[in-house]
Amino acid sequence: MRIFVTGASGWIGSATTAELLKAGHQVVGLARSDESAAKLEAAGAEVRRGDLDDLDGLRAAATEADGVIHLGYKHDFSPAGIAEGARADTAAITTLGDALEGTGKPLVIASGVVGLATGRFATEQDQPNPAAHPRSANAAATLAYADRGVRSAVVRFAPTVHGRGDYGFMAFLVDIARRNGVSGYPGDGSNRWPAVHVSDAAALVRLVVEQAPAGTSWHAVADEGVPTREIAEAIGRALDLPVRSVPAEHFEWLAMFIAMDAPVTSEYTQRTLGWKPTGPSLLQDLDAGAYTG
């Protein structure tokens, strides 16, 4: 397949591009900078210059492709940034979906698992409240394209897609521990945090674009729920720092996420698509120095 990928040079996108190329697919990656373009070319992908606001470019690229994987997103956790990210994502998904209407071609987008359920393990059958976060509404809009002749699917990623080189939530937790001289956890540290290695996440994206039926959601989750105290202990071991419960403000902007109890299962995804995570667990990556070496 000739697959157009937004966010192709990003953390998950780079791994996905490599996975697709290894499987024999052609990749056309969206690049907004010379650096991103060079990275994609070095990986063996074709480059399409532009960004998520270039709707004409997105439409043309989707029309020319056998399928689309939309991983790009404007990540800014300020109130204004969240609104702008959602606006750009909505426009991009609508443009891509409309371009693929009636073709039966796949449109796979990225979403998240946090907030799907309370007090139990979230499953692939759980549907997020579209009012809870703008990205949830965009996932629902993507799935609706199944009724318009698009093989649409949503991959819900664990909040931590980990590995050496990750600059997301886990890297920020490690940075906070370094700056404060303590590896902290919220409350008693029993709340659970799902995770997946980046190589396993990429493998799942490939399986979804190749196989997933229209209108389906899948979970990129290997560690179903690691207690935050165990995460803090692993960071403490890696940095040789004390470990203790800390107030919410210790976690800065991450405070609104880290205290959530968000266990998630991927049993259905694994059974249905034959996806078997083989990468290291989050704690193994932390112990191996993936964030501190």
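Up top is the structure.
Residues numbered from 1 in each chain as written. Predicted model: local features only at pLDDT ≥ 70, side-chain atom pairs only at ≥ 80, totals over all residues. Heavy atoms only, no water.

A. Structural context of the overall build of the protein. The secondary structure content of the protein amounts to eleven helices and twelve strands. Its C-alpha atoms give the protein a radius of gyration of 19 Å, within 12% of the compact-globule value 19 Å for 293 residues. Along the longest, intermediate and shortest principal axes, the C-alpha atoms of the protein span 55 × 40 × 40 Å. Taking all 293 residues of the protein together, 51% fall into the buried category. (Helix = DSSP H or I, 4+ residues; strand = E, 2+ residues; numbered from the N terminus. Rg over C-alpha atoms; globule rule 2.2 N^0.38 Å. Buried < 20%, exposed > 50% of the residue type's maximum accessible area, 1.4 Å probe, protein only.)

B. Structural detail: the pairing of strand S10 (residues 216–220). For S10, a buried count of five out of five residues is recorded, marking the element as mostly surrounded by other parts of the structure. The alternating pattern of S10 places Thr216, Trp218 and Ala220 on one face and Ser217 and His219 on the opposite face, and all of these are buried. The pairing of strand S6 (residues 151–157) with S10 spans five bridges and is classified as parallel. Following the sheet pairing, Val154 is matched in S10 by Ser217. (Pairing = 2+ DSSP bridges.)

C. Local environment of the packing of helix H4 (residues 79–100) against helix H5 (residues 134–144). Where H4 meets H5, the axes come as close as 9 Å, and the angle between the chain directions of the two elements is 5°. What the angle tells us is that H4 and H5 run roughly parallel. The residues of H5 that touch H4, namely those facing Ala86, Asp89, Thr90 and Ile93, are Pro134, Arg135, Asn138 and Thr142. Of the residues contributing to the contact of H4 with H5, the split by class is three nonpolar, three polar and two charged. (Axes fitted to C-alpha atoms, helices over the stretch in contact; angles between N-to-C directions. Parallel < 35°, antiparallel > 145°, perpendicular 65-115°, else oblique. Contact = heavy atoms within 4.5 Å. Nonpolar A, V, L, I, M, F, W, Y, C, P; charged D, E, K, R; others polar.)

D. Expanded view of the sheet that holds strand S7 (residues 160–162). Strand order in the open sheet made by the three strands is S7-S9-S11, with mixed pairing throughout. Two strands in the sheet have a free side with no partner beyond their single neighbour: S7 and strand S11 (223–227). Pairs of neighbouring strands in the sheet enclose a mean axial angle of 45°, with direction left out of account. Pairing of strand S9 (residues 192–197) with S11 involves three bridges; the strand directions are antiparallel.

E. A look at the pairing of S9. Of all the six residues making up S9, five are buried; the element is thus mostly covered by neighbouring parts of the structure. Judged from the three bridges that link them, S7 and S9 form a sheet pairing that is parallel. The residue bridging Thr160 from the neighbouring strand is Ala195, located in S9.

F. Inspection of the sheet that holds S10 at higher detail. Strand order in the open sheet made by the seven strands is S3-S2-S1-S4-S5-S6-S10, with parallel pairing throughout. The sheet is open, and its two edges are formed by strand S3 (46–49) and S10, each paired on a single side. Across this sheet, the average inter-strand angle for adjacent strands is 25°, counted without regard to direction. Two strands pair when backbone bridges link them, and strand S1 (residues 2–6) and strand S2 (residues 26–31) are joined in this way by four bridges, in the parallel orientation. Its bridge partner lying in S2, Phe4 is registered against Val28.

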